[in-house]
Every structure is written in structure tokens, then in C-alpha cells.
Amino acid sequence: MTAAAAQPIAATAQRHLLLNMTANGSLGAEGDDLLVVRRGEGPYVDDTDGRRYIDGLSGLYCCQLGYSYGPEFAEAAERQLRELCYSPLWTGSAHPTAIELAERLSRIAPVDIEHTFFSSGGAEAVETAWKIARRYHALRGEPGRVKAIARRGAYHGLTVGTLSFTDDPGLTEPYGPPAIDTRFVSNTSRFGLDPQFADDAVWTAWLLAEVEATILTEGPETVAMLIAEPVQNRGGCITPPRGYWQGLRALADRYGFLLVADEVITGFGRLGEWFGGDRYDARPDMVTVAKGITSGYAPLGATLVGTKVTDVLNRPGVVLNHGYTFAGHPLSAAVALRNLEILERDRVLDNVRALQGDLAQRMAALKDLPIVGDVRGTGFFYSCELVGDLDDGGFSDLARAGLIADLIPRRLREAGLLARVYNRSAPLVQIAPPLISDRAVLDRIAAIIAGVLAEASARI
């Protein structure tokens, strides 16, 4: 498609399409600033002007397999649609593809997790986890467990319910008080903290003591669940110290709340394991997933539920009054099954394990740049936290507008890389490349970031 033909598409979008998380009215009358992606191949996407980019964010942490498996997924989708286009998982009804997928997930899920409740996406999966937690406690005679614990800076979705677990005033305040009473505890970032916290044992003990103090202050009998990502996305790929997840498990067992691992981003190979929590010996009661479950080839979410919980929910006569019209849609379930087959057949997780050390070294080298304060992450999931022109390491308004909001994202795109540049709270550059990326692609990603941040460093 020519540049002349692309312009009307952007202009049409400006007239008719409301984009997510976007200042829609600031895109220009003709949508001049809008990136319109036309096609994809391998780890690359092309825009409507014919420019090619490395998709350094896997769409939105979704496209584990990149963009070249369309024919295989199309075949799976066509076979399913020829047989059955739709059937709900509602009031005693199911269909074979969802049943097969639930069984398949049970074989790779963390220990003691055997059941799946399907939804359409990640926020719905998290909302489901909350409702299941509330139902579980009520059935056990503890209806007073009405509070949640989440971590500072966390993002768990944008529905009215999941906003309660999301610690970002810019996202929450426009919609009023939270629907769910939630307390926030520290995330596991050590950047800028006292050097004593470089020791995992010291940091883990401090974090768990804070969680326990919060539980005791609120009253253990009021806490329904604690939700956390194995590696926290918001705030910049924040990894946990050794012993942290084991400590959360011990606190959940001691005080009776449910432990939920939000794996919407970290699941299905992002950290080199089927589930990111497996890397840290997490033993959650529930796991929420979406994104990588289909590698972005169809929408699907799921809440994986442990036997401790389902033993209560599945008591005779108990009704789980919750559901979604498109939960476990036959097409999406068929795509998810084919996705799991390809991930295993093509040894995609092995690719992450083989190359994650190289990526870690390339990303760690960025700390030599003056603008880079910290590099965090693991697997194929990394962030650079940036430091600026003020004495405390922050950015003046002028530098933030010139560098974080303009120069860095613009130069990355001009160099052929789509990455995430945060201009909220901590300034970050984040990558989550497709899991099929080879060493050359990963090296190119790191080289582009290094070049752009070197230019930005010279302007501080």
C-alpha cells in the first residue's frame, strides 16, 4: 500500500475509531501520528507506508509466536468453525474444544491446579479470580473476607473491579472510589533503596514483614486474596528476590487468604517457562492468564483454579453465579490448543532459555549509559529505568517532554523498533519480543535501544 493510500486510513481512524489509552484528540485531524500496522512476518510488522519494524513488544505482550503461523491457525479455526461456530459454557452446557483445552492446561499448570474457568481476556480473568475468592470464603463460613492486597504500581486490568487492584491514580481516579477494598504493599524493586536490600534474604524478610503487618492491621479474617505478578510489568519488569513467593505461600496458609498469580503477561513462555511463577517456585491457589494463551491469534482469557478451591466450589448444590457469553469460545479454544501444540513442537520455550542469557548481557550493558539508572527483567522481558537532569535523578518537565515523550519513542520507531516508552511515574523503555526471535533480532533490539539512549544521554 502506498503512502498516499495509507493517509485516508489514518484519517478514517481519527474520524471513527476510539483508541485504547490514547489522547485521541491529539492525533491530528488526519491521524498524522497514528501507526497503522498492515501485516506481520516472523518478529516483524509492516505499517501502511511499507516501513518494517521489529515488534519489540509482541503486540501487547501477546504474540509469542510472532506473525508467520497464520496458515496453521487458519486451518485450526476453519476446522472448528465448520464443525461448531459457537456454544456457551453456561448452565450445564459445554463443548469438546473447551473441555480439551481445560484438560491440556491442567497438564502444564502449577501443582494442584486442575480446573479452568474461561473468559475473553485478562481483566475478566482477574475479575473472575476475585469473585471465586469471595465465593470460596463465603461457602466456608467466612463472608467477612472482603479485602484484597495488591502491590504498589501494579496493573491488573481496567474493568471497574480490576481497577481496584491497579495502583495508578491516572487510571483509577477518573472513575471514583474503588469497587473492592484493596490495600497496597511494596513491589519488589530495589532501585534506589539502601544497599542492605541488595541481599535477597534481607529484602525478602522486609517485604514479607510488610505484607504480614498489613494483614494483621486489617484483620486476617477480612482478607480474601493477595494478587501479584511473578514479574511485575508496571514499574518495569520487576523481578522478585529469592524466597519471596515461598513466603507469600506461607502467609496465605497461615492467615487463610488465597494467593493469586497474575500471569496474563508472564505466562506461556515469556520467562522461559510455561508459567512465570514456575521460575520462582510459586504455588498459587489461582493463576490468571490471557495474551500468550493464543499468541494473539484470537482473544481468550482464563482463570486456573486449584483443587483446594474447587473442592469447595464443587460441593453438591453450589452454584457459581458468574459467567461470560464468549467464555471458552470454540474458535478461541481451537486456536489456543494449536498454540500450545506449536509452542511445544517448535521448542519455543527452549529458544527463550537458550538466548535469555545473551539478552540479559546485552541489556545489562545499557547501564553504562548516563540516562540508564537500572535494567531489570528476565527471559524475554526487560526494562530500562531512566534517570534525568535533576539532582534526585528525576526529569524536569522540559526534559520529560523532550526526551521521554518525544525523542526516545520517535527515534526508536525511526530506527525500526516498536518498544514501550513510559512517561508516567518511573520513566521506562520496555521490551518483550516474540519468543521466536533469534540472536540476531535480539542483538538488533539491544543495539537500537543503545543508540537511541546514547543520543538521549547526550541531551541531559
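Structure's up top.
Residues numbered from 1 in each chain as written. Predicted model: local features only at pLDDT ≥ 70, side-chain atom pairs only at ≥ 80, totals over all residues. Heavy atoms only, no water.

Draft legend 1. Molecular detail of the overall build of the protein chain. The number of helices and strands found in the protein chain is 13 helices and 15 strands. Expressed as lengths along the three principal axes of its C-alpha atoms, the size of the protein chain is roughly 65 × 60 × 45 Å. Per-residue burial over the protein chain gives 53% buried out of 460 residues. Intrachain contacts of the protein chain at a sequence separation of at least 6 include 71% that bridge at least 24 residues. Carbon and sulfur atoms make up 53% of the accessible area of the protein chain, which amounts to about 19,500 Å² in all. Once the 45 positive and 56 negative side-chain charges of the protein chain are each reduced to a mean point, those two points are 2 Å apart. (Helix = DSSP H or I, 4+ residues; strand = E, 2+ residues; numbered from the N terminus. Buried < 20%, exposed > 50% of the residue type's maximum accessible area, 1.4 Å probe, protein only. Contact = heavy atoms within 4.5 Å. Areas by Shrake-Rupley, 256 points an atom, 1.4 Å probe, with all protein chains shown as cover. Lys, Arg positive; Asp, Glu negative; His and termini not counted. Charge placed at Lys NZ, Arg CZ, Asp CG, Glu CD.)

Draft legend 2. Looking closely at the layout of surface pockets. Considered as a void within the structure, the second largest pocket measures approximately 780 Å³ in volume. As for the second largest pocket, its lining consists of 27 residues, of which Leu-89, Thr-116, Phe-117, Leu-320 and His-322 are closest to the centre. Broken down by secondary-structure element, the contributors of at least two residues to the lining of the second largest pocket are helix H4 (96-108), strand E4 (113-119) and helix H9 (307-313). If one sorts the elements of the lining of the second largest pocket by residue count, E4 sits on top with five residues. The residue makeup of the lining of the second largest pocket, split by class, is 16 nonpolar, nine polar and two charged. (1 Å grid on protein atoms, 1.4 Å probe; cavity = no way out; pocket = protein on both sides within 12 Å on 5 of 7 lines; lining within 4 Å. Points joined across faces, edges and corners; volume = space filled by probe spheres on them. Nonpolar A, V, L, I, M, F, W, Y, C, P; charged D, E, K, R; others polar.)

Draft legend 3. Examining the packing of aromatic side chains more closely. Applying the stated criterion across every chain, the model contains 10 aromatic pairs. The positively charged end of Arg-104 is found above the aromatic ring belonging to Trp-274, 5.9 Å away from the centroid. (Phe/Tyr/Trp six-rings, centres within 6.5 Å; stacked < 30°, edge-to-face > 60°. Lys NZ or Arg CZ within 6 Å of the ring centre and 35° of its normal.)

Draft legend 4. Up close: the sheet that holds strand E8 (residues 258-262). What the seven strands build is an open sheet, ordered E4-E10-E9-E8-E7-E5-E6; its pairing is mixed. Of all the strands in the sheet, just E4 and strand E6 (181-185) have a single pairing partner and so form its edges. For this sheet, the mean angle separating the axes of adjacent strands, direction not counted, is 20 degrees. Across four bridges, the pairing between strand E7 (residues 223-228) and E8 is parallel. Bridged to Ala-228 within E8 is Ala-261. (Pairing = 2+ DSSP bridges. Axes fitted to C-alpha atoms, helices over the stretch in contact; angles between N-to-C directions.)

Draft legend 5. Quick look at the pairing of strand E11 (residues 372-378). Of all seven residues in E11, five are buried, a share of seventy percent or more. Pairing between E11 and strand E12 (residues 381-386): six bridges, direction antiparallel. Following the sheet pairing, Arg-376 is matched in E12 by Ser-383. Connecting the antiparallel pair E11 and E12 is a turn made up of two residues, with Gly-379 showing a positive phi of about 60 degrees.

Draft legend 6. Spotlight on the side chain of Asp-374. Here Asp-374 lies in strand E11. Its relative accessible area of 13% is what places Asp-374 among the buried residues. A distance of 2.9 Å separates polar atoms of two side chains, one belonging to Asp-374 and the other to Arg-376. If we skip the residues at most four places from it in the chain, Asp-374 touches Phe-191, Lys-367, Ser-383, Cys-384 and Glu-385. (Polar contact = N/O pair within 3.5 Å; in protein donor to acceptor, adjacent residues only side chain to side chain.)

Draft legend 7. Up close: the packing of helix H11 (residues 348-364) against helix H13 (residues 439-457). Relative orientation of the contacting elements H11 and H13 amounts to 15 degrees, with a least axis distance of 10 Å. For the element pair H11 / H13, the angle class is roughly parallel. Note that H11 runs across H13; the crossing there is right-handed. Contact with H11, carried on its side by Leu-355, Asp-358, Leu-359, Arg-362 and Met-363, involves Arg-439, Leu-442, Asp-443, Ala-446, Ala-447 and Ile-449 of H13 and no other residues of that element. Grouping the amino acids of the contact of H11 with H13 by side-chain chemistry returns seven nonpolar, no polar and four charged. (Parallel < 35°, antiparallel > 145°, perpendicular 65-115°, else oblique. Left-handed = near helix turned anticlockwise from the far one by under 90°.)

Draft legend 8. How the structure looks around the pattern of salt bridges. If you walk through the whole model with that rule in mind, you get 40 salt bridges. For Arg-410, the salt bridge identified is with Asp-406, shortest N-O distance 3.1 Å. Highlighted residues: Arg-410 and Asp-406, both in helix H12 (residues 397-414), separated by four residues, approximately one helical turn. Residue classification places Arg-410 among the partly exposed positions, given a relative accessible area of 33%. (Salt bridge = Lys/Arg side-chain N within 4 Å of Asp/Glu carboxyl O.)

Draft legend 9. How the structure looks around H4. End to end, H4 covers 19 Å across 13 residues, agreeing with the expected 18 Å (1.5 Å per residue, within 8%). Turning to H4, the residues buried within the fold contact helix H3 (70-83), E4, strand E10 (301-306) and helix H10 (330-345). (Expected span 1.5 Å × (residues − 1).)

Draft legend 10. Looking closely at the nonpolar core. Judged by nonpolar contacts, the single largest core of 99 residues is most densely connected at Phe-268, Leu-386, Ile-408 and Leu-453. Ranked by the residues each element gives to this core, the list is headed by H13, at eight residues. Not counting the four nearest positions on each side in its chain, Leu-453 is found in contact with Leu-369, Ile-371, Val-372, Cys-384, Leu-386, Ile-408 and Val-429. Residues Ala-129, Ala-133, Tyr-136 and Ile-180 belong to the second largest nonpolar core, which totals 20 residues. (Core = buried A, V, L, I, M, F, W, Y, C linked by side-chain atoms within 4.5 Å.)

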